[in-house]
Amino acid sequence: MDNISKTYSEEIDTGMSANDGVLSHRPSHNKDFCLVAEELDLLSVKVDGCKKCELHNFRQNAVFGEGNVQSKIFLVGEAPGYNEDIQKRPFVGRSGKLLDQLIEEALGSTRASLYIANVVKCRPPDNRTPQKLEINSCLGYLNKQIELVSPKVIIALGNTAFKALVDATEGVTQARLNLYSYRDIDVVPTFHPSAALRNGKRVVDMMREDLVKAGRLACL
Ligand code: SF4
C-alpha cells in the first residue's frame, strides 16, 4: 500500500465540550444498538433546538441524518438543500436518487442499510457552501454520530465533507486516488452526487468506483 497516504484530522473547535463526540480510539462494535439508537434520538432533539450558528435562522427543519445504526459505512454530505430542509431528510431529490442508485450498483445495498448525515444540519441560504464558522459550530454533532454508529468506513461526499473530516489541501478529484483516516476510521473521498449530476457519466463512473472501494474496505 505504498501509494496509500494516511492523514489525520486536526481537532476543530466544535463549540461543544472537549469530550463531545471525540474518538480517542476505534470504538467497539460490541454495543447495545438500542442504546445507540436512543442516544442518537436524544442528540437529534438537541439538533432540532440548536441555535449555535446563524443557519438556524434559515431552516424549516434541522436535518439530523438517518439510517442503520449498525452500518459499517457512514456517508457524509455537505448540508441540507431545499428538498432536504422541507422533508427533514438527507439526500432527497435528484442527488438522493443518484446516490441511491449508486449504493445499489456499487454496494448491492440500500440507503436504509447504511447511515447518512451532513456536516451541517441546517440549510445554508441559497444552498451556498457552509462557512468555516458554521462547520466548526456544527461538527461536534457529526463527530458524535460517527462515534455512536462506529463505522468501518466513512464515505466523504464532496470537498466540504472531506475537508471537515481530514486535514487536507487537495480536493476530492485528486484525493479519491488515496485513502485517508479520521480517528482510525478509513475515509474514502468521492464527489458529491450533485457534482456528478452536473458533470455527467465520467464523474458518475468515478463515484461508483469509489463506492466499490469503500465496500471492499468495509468487507461488505
Ligand atoms: S447548522 Fe448546526 S450548529 Fe448551526 S444552528 Fe444548525 S444544528 Fe446548530
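Source: prediction; values computed, not measured.

Across its full length, the protein carries eight helices and six strands. Listing every helix and strand of the protein by position from the N terminus yields α-β-β-α-α-β-α-β-α-α-β-β-α-α. Put simply, 75% of the contacts in the protein that link residues at least 6 apart link residues at least 24 apart.

This paragraph deals with the site of the ligand. In the region of the ligand, 14 residues are neighbours, and Cys-50, Cys-53, His-56, Cys-122 and Cys-138 sit closest. Tallying contributions element by element places helix 4 (residues 132-149) first for the shell around the ligand, with three residues. When its residues are assigned to classes, the shell around the ligand shows eight nonpolar, two polar and four charged.

Taking strand neighbours across the sheet as the criterion, the six strands line up as 1-3-2-4-6-5 in an open arrangement whose pairing is mixed. Strands with a single pairing partner mark the edges of an open sheet, and in this sheet they are strand 1 (66-67) and strand 5 (180-182). For strand 5 and strand 6 (residues 185-190), the ladder comprises three bridges, and the chain directions are antiparallel. Its bridge partner being in strand 6, Tyr-180 is matched across the sheet by Val-187.

Our next topic: the packing of helix 3 (residues 93-107) against helix 8 (residues 201-217). Between helix 3 and helix 8, the least distance of the axes is 9 Å, while the angle of their chain directions is 55°. Regarding the angle of helix 3 to helix 8, the classification is oblique. You can see that helix 3 and helix 8 cross each other, and the crossing is right-handed. In this structure, helix 3 uses Leu-102, Ile-103, Glu-105, Ala-106 and Leu-107 to contact helix 8, whose residues at the interface are Met-207, Arg-208, Leu-211, Val-212 and Gly-215. Here the contact of helix 3 with helix 8 is composed, by residue class, of seven nonpolar, one polar and two charged.

Before going further, it helps to examine the nonpolar core. It is characteristic of soluble globular proteins that their nonpolar side chains tend to be buried jointly. Formed by 57 residues in total, the largest nonpolar core has its most connected members in Val-76, Val-119, Ile-154, Ile-155, Ala-156, Leu-165 and Val-187. Broken down by element, this core gets its largest block of residues, eight residues, from helix 4.

Attention now moves to the confidence of the model for the protein. Caution applies to low-pLDDT parts of the model: their predicted coordinates are not meant to be read in detail. Per-residue pLDDT for the protein averages 89, and the proportion of residues at 70 or more is 86%. Counting interchain partners and residues more than four positions distant, the pLDDT-below-50 stretch residues 1-28 has 46 contacts.

Here we come to the packing of helix 1 (residues 33-48) against helix 4. Relative placement of two packed helices is described by the angle separating their axes and the distance separating the axes. In contact at an axis separation of 10 Å, helix 1 and helix 4 are set at 170° when each is read in the N-to-C sense. Accordingly, the angle class assigned to the pair helix 1 and helix 4 is roughly antiparallel. Residues Val-36, Glu-39, Leu-40, Leu-43 and Val-47 of helix 1 lie in contact with helix 4, whose contacting residues are Tyr-141, Lys-144, Gln-145 and Leu-148. Looking at side-chain class alone, the contact of helix 1 with helix 4 contains six nonpolar, one polar and two charged residues.

Quick look at the environment of Leu-148 now. The residue Leu-148 is located in helix 4 in this model. Taking the C-beta count within 10 Å as the criterion, Leu-148 has 20 such neighbours and is therefore assigned buried. Once the C-alpha coordinates of Leu-148 and Gln-70 are considered, the two residues, 78 residues apart in sequence, prove to be 9.3 Å apart. The residues contacting Leu-148, other than those within four sequence positions of it, are Val-36, Glu-39 and Leu-40.

What counts and what doesn't
Residues numbered from 1 in each chain as written. Predicted model: local features only at pLDDT ≥ 70, side-chain atom pairs only at ≥ 80, totals over all residues. Helix = DSSP H or I, 4+ residues; strand = E, 2+ residues; numbered from the N terminus. Contact = placed C-beta atoms within 7 Å. Near = placed C-beta within 6 Å. Nonpolar A, V, L, I, M, F, W, Y, C, P; charged D, E, K, R; others polar. Pairing = 2+ DSSP bridges. Axes fitted to C-alpha atoms, helices over the stretch in contact; angles between N-to-C directions. Parallel < 35°, antiparallel > 145°, perpendicular 65-115°, else oblique. Left-handed = near helix turned anticlockwise from the far one by under 90°. Core = buried A, V, L, I, M, F, W, Y, C linked by C-beta atoms within 7 Å. Buried ≥ 20, exposed ≤ 12 C-beta atoms within 10 Å, placed from the backbone. pLDDT = per-residue confidence, 0-100.

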